[in-house]
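Secondary and tertiary structure notes
Residues per chain are reported as follows:
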Amino acid sequence: MQNSGERLTYPYIARGIAMLCIVIGHLGRMSIARVVFPFHVPVFYLLSGFFLSASQSPGVFIRRKARTLLVPYVVTCAAIIALSAVINEGLLGGEDTLGVMRRWAFASLLGSGGDLYNGPFFMPGIGALWFLLATFWGLILLRLLLNVRPAVRIAAVIGIFALSVWSERRFFQLPLSIQPGGCALLYMYIGWLARQGKDRFAALPRELRAFIAVCAVLIWIAFSVRFESFWLVHCDIGRGIIDVFGSLCASYAVILFSQWLDRHTHALRGALSYLGQYSLVMLCAHIIELDVFPWYLMTDPLLAGGMSDTACLLILIAAKFIWIIPVTLLLSRWNPARRVFGYPPLQRGKATAQS
């Protein structure tokens with residue numbers, strides 16, 4: 001156990017693991033998605049709720065979250081628009097560059113995670129940046145609900161979650177990822193409840209906690225084997241509450257594994273916790289390459305030349321991280337970028353934790 005004065009490391013490790021899984025989960029392979037989708041986004045939501053504090057007034061809280069979530073969203077969208085023009089001109093022949101820029105500008109304003117055709121008009125998606133908007137809505141809703149009676153809070157969380165899922169299925173996704181924010185609320189609330197009961201859970205017999213951990217892993221495995229769909233970006237919770245429970249078990253297993261890494265490793269703990277601390281920067285670096293890099297210009301010739309699909313996939317993963325990791329390291333050490341992402345400035349070359 002860490003002393004109360006020490007900064008917890010395992011939450012950053014869990015975020016680092018989840019962020020790496022978000023990157024590989026976007027490769028479009030069901031064999032990967034069925035393993036990582038149950039936890040890679042829920043882990044972030046659960047930890048956000050776990051560490052949410054009601055010490056700030058709702059107004060101050062909203063302004064702070066707008067600063068740390070919406071500003072990075074806007075800046076990253078601007079980078080996507082600009083780089084899409086550069087790549088379209090430099091690599092793709094320069095045809096309809098203004099049209100490409102308009103598409104990404106429209107996608108930025110809509111704030112949807114993926115292209116949507118089931119609405120009143122076609123809505124181009126901005127990609128994984130939907131996560132920032134959904135996190136913003138979820139945290140704001142939870143902070144406001146902390147000011148009401150528990151019975152009202154429980155009813156509101158369940159009601160907003162159910163309404164978000166139902167309205168997405170019945171009608172269409174609203175702009176700015178509002179409905180995914182309603183789904184995020186449920187996980188954040190569960191994380192907040194876990195914080196309230198953590199001391200009582202830690203007081204349980206060790207054997208009982210071990211049994212719960214084993215059950216969580218087994219449920220995660222069963223969820224992955226029988227995976228049908230679980231896309232929080234579209235409020236798709238698969239088979240319903242069963243899959244929500246499965247995602248909670250998968251997330252809990254990853255958090256437990258992060259605690260184990262925190263206790264028993266050093267280099268790996270340091271690397272993952274660093275990526276977790278700067279997961280916001282890493283997400284934005286990832287979505288830039290995912291949205292604008294024409295990776296098919298690299299993979300198609302390799303496949304046409306006879307390279308196996310597995311080998312090509314590994315090269316693609318390596319190429320993505322060759323971009324993502326250095327950009328994350330660079331931006332995390334550059335004070336102007338740190339201000340954009342809401343991190344405190346570095347002093348005398350020493351990294352500081354995000355406030």
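Residues numbered from 1 in each chain as written. Predicted model: local features only at pLDDT ≥ 70, side-chain atom pairs only at ≥ 80, totals over all residues. Heavy atoms only, no water.

This part covers the nonpolar core. Core analysis: the largest hydrophobic core is formed by 94 residues, its most contacted members being Y45, L129 and L132. Broken down by element, the residue count for this core peaks at 10 residues, all from helix α6 (residues 130-145). (Core = buried A, V, L, I, M, F, W, Y, C linked by side-chain atoms within 4.5 Å. Buried < 20%, exposed > 50% of the residue type's maximum accessible area, 1.4 Å probe, protein only. Helix = DSSP H or I, 4+ residues; strand = E, 2+ residues; numbered from the N terminus.)

Okay, the packing of aromatic side chains next. Tallied over the full model, the rule gives 17 aromatic pairs. Judged by centre distance (5.7 Å) and plane angle (85 degrees), the ring pair of F227 and W231 falls under edge-to-face. The class for F227 is buried, based on a relative accessible area of 7%. Feature note: the residues F37, F223, F227, F230 and W231 constitute an aromatic cluster, connected by ring pairs. One Lys or Arg, R103, reaches over the ring of W104 and ends 4.8 Å from the middle of that ring. (Phe/Tyr/Trp six-rings, centres within 6.5 Å; stacked < 30°, edge-to-face > 60°. Lys NZ or Arg CZ within 6 Å of the ring centre and 35° of its normal.)

A few words on a nonpolar patch on the surface. Judged by side-chain polarity, V214, V217, L218, I221 and V225 come together as a nonpolar surface patch covering roughly 440 Å² of accessible area. With respect to the helices and strands, V214 occurs in helix α10 (residues 206-225). We classify V214 as partly exposed; its relative accessible area is 48%. (Patch = residues over 30% accessible without salt bridge, like charges linked within 9 Å, V, L, I, M, F, W, Y side chains within 5 Å. Areas by Shrake-Rupley, 256 points an atom, 1.4 Å probe, with all protein chains shown as cover. Salt bridge = Lys/Arg side-chain N within 4 Å of Asp/Glu carboxyl O.)

The next thing to look at is the environment of M307. Secondary-structure assignment places M307 in the loop between α14 (296-304) and α15 (309-332). Classification of M307 as partly exposed rests on a relative accessible area of 28%. Separated by 86 residues in sequence, M307 and I221 have C-alpha atoms that sit 31 Å apart. Once residues lying within four places of it in the same chain are set aside, the contact partners of M307 are L302, C312 and I315. (Contact = heavy atoms within 4.5 Å.)

Looking now at the environment of G181. Topologically, G181 is positioned in helix α8 (residues 178-196). Along the backbone, G181 and A271 are 90 residues apart, and their C-alpha atoms lie at a distance of 30 Å.

It is at 11 Å that the axes of helix α3 (residues 40-50) and α6 come closest, and there the two elements cross at 30 degrees. In terms of orientation, α3 and α6 fall into the roughly parallel class. Crossing hand, α3 versus α6: right-handed. For the pair α3 and α6, contact is made by V41, F44, Y45, S48 and G49 and by W130, F131, A134, T135, L139 and L142, respectively. Tallied by class, the residues present in the contact of α3 with α6 amount to eight nonpolar, three polar and no charged. (Axes fitted to C-alpha atoms, helices over the stretch in contact; angles between N-to-C directions. Parallel < 35°, antiparallel > 145°, perpendicular 65-115°, else oblique. Left-handed = near helix turned anticlockwise from the far one by under 90°. Nonpolar A, V, L, I, M, F, W, Y, C, P; charged D, E, K, R; others polar.)

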